[in-house]
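So you can see what is in the structure, the chains are spelled out below.
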Amino acid sequence: MASNRVSSLRFIGVMRHLLCATIFLLSGGGLYALEKTPNVILIMCDDLGWGDTGYNGSTVIKTPALDQMAKEGLKMNRFYSASAVCSPTRASCLTGRNPFRTGVPTANSGFLRPEEVTLSEVLKNEGYATGHFGKWHLGTLTHTEKDANRGKPGNTKDYNPPKLHGYDTAFVTESKVPTYDPMVKPVKFDEGESLKLGWEYVKEGEETEPYGTFYWDIEGQKVTDHLNGDDSKVIMDRVLPFVDKAVREKKPFFSVIWFHAPHLPCVAGPKHQEMYKDQPIHMRNYAGCITALDEQIGRLREHLKTKGVDENTMIWFCSDNGPESQDRPDNGSAGPYRGRKRDLYEGGVRVPGLLIWPAKIKQGRETDMPCVTSDYLPTVLDAMGLEHPQPKLELDGESLMPLIEGQSERRKKQLGFLYANRVSFSNEKYKIVSYAQKPFQLYDMENDPYEKRDVAAEKPEELKKLEADYKVWLASVKESFDGAEYGTKSVDRANLKWPYGEKGTGGKKGNKSKTGGK
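**What to know about the overall build of the chain**
Within the chain, the secondary structure is distributed over 14 helices and 17 strands. For the chain, the residues scored as buried account for 61% of the 518 residues in total. For the chain, the proportion of contacts with a sequence separation of at least 24, taken over those separated by at least 6, is 72%.

The structure is reproduced here in structure tokens:
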């Protein structure tokens, strides 16, 4: 099934390029300029809360590069991660589908099914250079040695590297790493430090041991060089040569940059420790690694300008979910919103959302239209004038091109979220939420975005309508989860159980992973 899908994608790409080549020969123009295919960069932070950027009101954390993007680009005030934890959101970014459809219901469970059509596959077959950098977390990267959360000898069930999903370059880890000196951890911890939360950066001469999560390249080889210092810089040091190579070869590029920061354990280097020296250690590390990440985004933007490709490059920015909810609720902010990571109240899924694309977005503006990570794929395809190569696959996202081009700020599709024993479903105005099979709550998102007042008793018709729409949507998601669109080979391999019963509100324990969405 997967090989047939790839073959058909290649055929479509070849025919498109033959057509463009014919026009090229007749017009005497340049093929690269003629197609005007945008470069696409997807940047994602890990556990960054809505309130953890300067442009969203943080008075402690410095994010000048992101603040500048917010001034120049499209600031999406109601931007959502497709899940309340990381792996599912990542699956949505690449497929345009709710994560349950793709075989990734939670973190460290399942894998992105090879039968899914990814944005990287589509763009590779349109002649793009495709690269993935940073966190992967959509399956394991080795089955021959112990690595990260699930990689181990003999575990072929979860083996699912980027090479199987349309990438020709990769520099990736399966899951989290420390945000400074990412390959090591101290042998001993001082007061205020811990393996889980983070530590003062390791000084020269101090004893360390391997952290246990490794970087791998596209061929499945472990990377061992240039891995010291700030992890966001380590990642960007691989991104920029990828961009340079694509520019030299006159190829458009698709680059996914999934930073590890500010996921625990947070560690900031000496420069960023000094910037926040008046803060306690946990905030020095948390704020410091975010500012370090912000600097690398600024570095990327400057590099694109130097190469002359910034005008027609989309840069999308978001977080994979809300801020961490356990152990250190005082570092990481959901702003005024209710809930945090693992919640389906706004604080768990409403995240910073930005788009820079100078060729289309000439000046900064804001929108309150609901947008979600599942919108990436349909938006990019629409921008390129492409149809989805497998129309039978149900998309949950929609194209944001009408929004980008200033034609409409109304969302057509409703938004559904599933995590563990929690569900939510919303249109532009109303949202229903249920935890652990309890009756749905109803919130007026226009007048009560902080979800302080349940209006289910006052608006029974609105509640009834949303519940009915939700059940139709959930039935469609279950069909995808069960493999109705492309068979059960990967479904059987993963052996995941559908967690939502007849009421569609989840079991009491749901399917939360043992690692709590790390």
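**A short note on the packing of helix H7 (residues 231-248) against helix H9 (residues 281-307)**
The interhelical angle for the contact between H7 and H9, taken along N-to-C directions, is 15°, at an axis separation of 10 Å. With respect to their mutual orientation, H7 and H9 come out roughly parallel. The way H7 lies across H9 gives a crossing that is right-handed. Contacts between H7 and H9 involve Ser232, Lys233, Met236, Asp237, Val239, Leu240, Val243, Asp244 and Val247 from the former and Ala292, Leu293, Gln296, Arg299, Leu300, His303, Leu304 and Lys307 from the latter. Within the contact of H7 with H9, the residues separate by chemical class into nine nonpolar, three polar and five charged.

**Some points on the pattern of salt bridges**
Scanning all chains against the criterion turns up 37 salt bridges. In this structure, Arg411 engages Glu398 in a salt bridge whose closest nitrogen and oxygen atoms are separated by 3.9 Å. One end of the pair, Arg411, is in the loop between helix H12 (401-404) and strand S14 (415-419); the other, Glu398, is in the loop between helix H11 (376-383) and H12, and 13 residues separate them in sequence. Exposure class is identical for Arg411 and Glu398. Each is buried. Between Lys478 and Asp482 there is a salt bridge; the shortest N-O distance is 2.6 Å. Here the salt bridges share partners, and the residues they tie into one network are Asp46, Arg90, Lys135 and Asp320.

**So, H7**
Its 18 residues place the ends of H7 27 Å apart at the C-alpha level, agreeing with the 26 Å of an ideal helix rising 1.5 Å per residue. Every buried residue belonging to H7 is among Asp231, Ser232, Val234, Ile235, Met236, Arg238, Val239, Leu240, Phe242, Val243, Asp244 and Ala246, and all of these are buried. As for H7, its buried residues are in contact with strand S4 (129-135), strand S5 (169-173), strand S9 (253-258) and H9. The opening residue of H7 is Asp230, an N-cap whose side-chain oxygen sits 3.2 Å from the backbone nitrogen of Ser232. With its phi angle positive at about 55°, Lys250 sits one or two positions after the end of H7.

**What to know about the confidence of the model for the chain**
When pLDDT is averaged along the chain, the result is 92, and 89% of the positions lie at 70 or above. Helix H2 (residues 31-35) is the least confidently modelled element of the chain, averaging 39 in pLDDT, while strand S1 (residues 39-45) averages 99, the highest of any element. Contacts from residues 17-35, a stretch scored under 50 in pLDDT, to residues over four places away or in other chains number 18 contacts. In the model, residues 509-517 has pLDDT below 50 throughout and makes 22 contacts with residues more than four positions away in sequence or in other chains.

**Side note on the packing of aromatic side chains**
Counted according to the given criterion, the structure contains 23 aromatic pairs. On the numbers, 6.0 Å between centres and 40° between planes, the contact of Phe100 with Phe481 is tilted. One end of the pair, Phe100, is in helix H5 (residues 99-102); the other, Phe481, is in helix H13 (residues 460-481), with 381 residues separating them in the sequence. Taking NZ or CZ as reference, Arg338 lies 3.8 Å from the ring centre of Tyr345, over its face. Lys429 extends its terminal NZ or CZ atom over the ring of Tyr430, reaching a point 5.2 Å from the ring centre.

**Thoughts on the sheet that holds strand S17 (residues 441-444)**
Sheet architecture is open: four strands sit in the order S14-S15-S16-S17, paired in antiparallel fashion. Each edge of the sheet is formed by a strand with only one pairing partner; in this case those strands are S14 and S17. Sheet twist, expressed as the mean angle between neighbouring strand axes with direction ignored, is 15°. Examined bridge by bridge, strand S16 (residues 430-435) and S17 share four bridges and lie antiparallel to one another. Bridged to Tyr430 within S17 is Asp444. Sitting on the sheet, H13 is in contact with S14, strand S15 (422-426), S16 and S17, with an inclination near 65° to S16.

**Considerations on empty space enclosed by the protein**
Under the counting rule described, the total for this entry stands at three cavities of 30 Å³ or more. Roughly 90 Å³ of volume is contained in the largest cavity. Surrounding the largest cavity, Ala82, Asn98, Val372, Ser374, Asp396, Gln414, Leu415, Gly416, Phe417 and Trp473 form its lining. Looking at which element gives the most residues to the lining of the largest cavity, the answer is S14, with three residues. Classifying every residue of the lining of the largest cavity by side-chain character gives five nonpolar, four polar and one charged.

**As for H9**
With 27 residues, H9 ought to run about 39 Å at 1.5 Å a step, and its terminal C-alpha atoms sit 39 Å apart, in line with that. Among the residues trailing H9, Gly308 stands out with phi positive, at a value near 75°.

**Some points on the packing of helix H3 (residues 64-72) against H9**
One way to put it is that H3 packs onto H9 with a least axis distance of 7 Å and a crossing angle of 55°. Classified by the interaxial angle, the pair formed by H3 and H9 is oblique. Within the contact between the two elements, H3 uses Pro64, Ala65, Leu66, Gln68, Met69 and Glu72 and H9 uses Asp294, Ile297, Gly298 and Arg301. Broken down by class, the residue content of the contact of H3 with H9 amounts to five nonpolar, two polar and three charged.

**Considering the nonpolar core**
Formed by 96 residues in total, the largest nonpolar core has its most connected members in Phe254 and Trp316. With nine residues, H9 is the largest single contributor of residues to this core. Counting 19 residues, the second-largest nonpolar core is a separate cluster that includes Phe100, Leu418, Val455 and Phe481.

**Brief notes about the pairing of strand S11 (residues 353-356)**
Note on strand geometry: in a regular strand, side chains alternate between the two faces of the sheet. Both faces of S11 are covered, namely the face carrying Gly353 and Leu355 and the face carrying Leu354 and Ile356. Taken together, the two bridges between strand S2 (residues 74-76) and S11 define a ladder with antiparallel strand orientation. By the bridge assignment, Leu74 is partnered in S11 with Leu355. Where strand S10 (residues 313-319) lies against S11, four bridges are found, and the strand directions are antiparallel. Bridge pairing in S11 places Cys318 opposite Gly353.

Calculation rules
Residues numbered from 1 in each chain as written. Predicted model: local features only at pLDDT ≥ 70, side-chain atom pairs only at ≥ 80, totals over all residues. Heavy atoms only, no water. Helix = DSSP H or I, 4+ residues; strand = E, 2+ residues; numbered from the N terminus. Buried < 20%, exposed > 50% of the residue type's maximum accessible area, 1.4 Å probe, protein only. Contact = heavy atoms within 4.5 Å. Axes fitted to C-alpha atoms, helices over the stretch in contact; angles between N-to-C directions. Parallel < 35°, antiparallel > 145°, perpendicular 65-115°, else oblique. Left-handed = near helix turned anticlockwise from the far one by under 90°. Nonpolar A, V, L, I, M, F, W, Y, C, P; charged D, E, K, R; others polar. Salt bridge = Lys/Arg side-chain N within 4 Å of Asp/Glu carboxyl O. Expected span 1.5 Å × (residues − 1). Polar contact = N/O pair within 3.5 Å; in protein donor to acceptor, adjacent residues only side chain to side chain. pLDDT = per-residue confidence, 0-100. Phe/Tyr/Trp six-rings, centres within 6.5 Å; stacked < 30°, edge-to-face > 60°. Lys NZ or Arg CZ within 6 Å of the ring centre and 35° of its normal. Pairing = 2+ DSSP bridges. 1 Å grid on protein atoms, 1.4 Å probe; cavity = no way out; pocket = protein on both sides within 12 Å on 5 of 7 lines; lining within 4 Å. Points joined across faces, edges and corners; volume = space filled by probe spheres on them. Core = buried A, V, L, I, M, F, W, Y, C linked by side-chain atoms within 4.5 Å.

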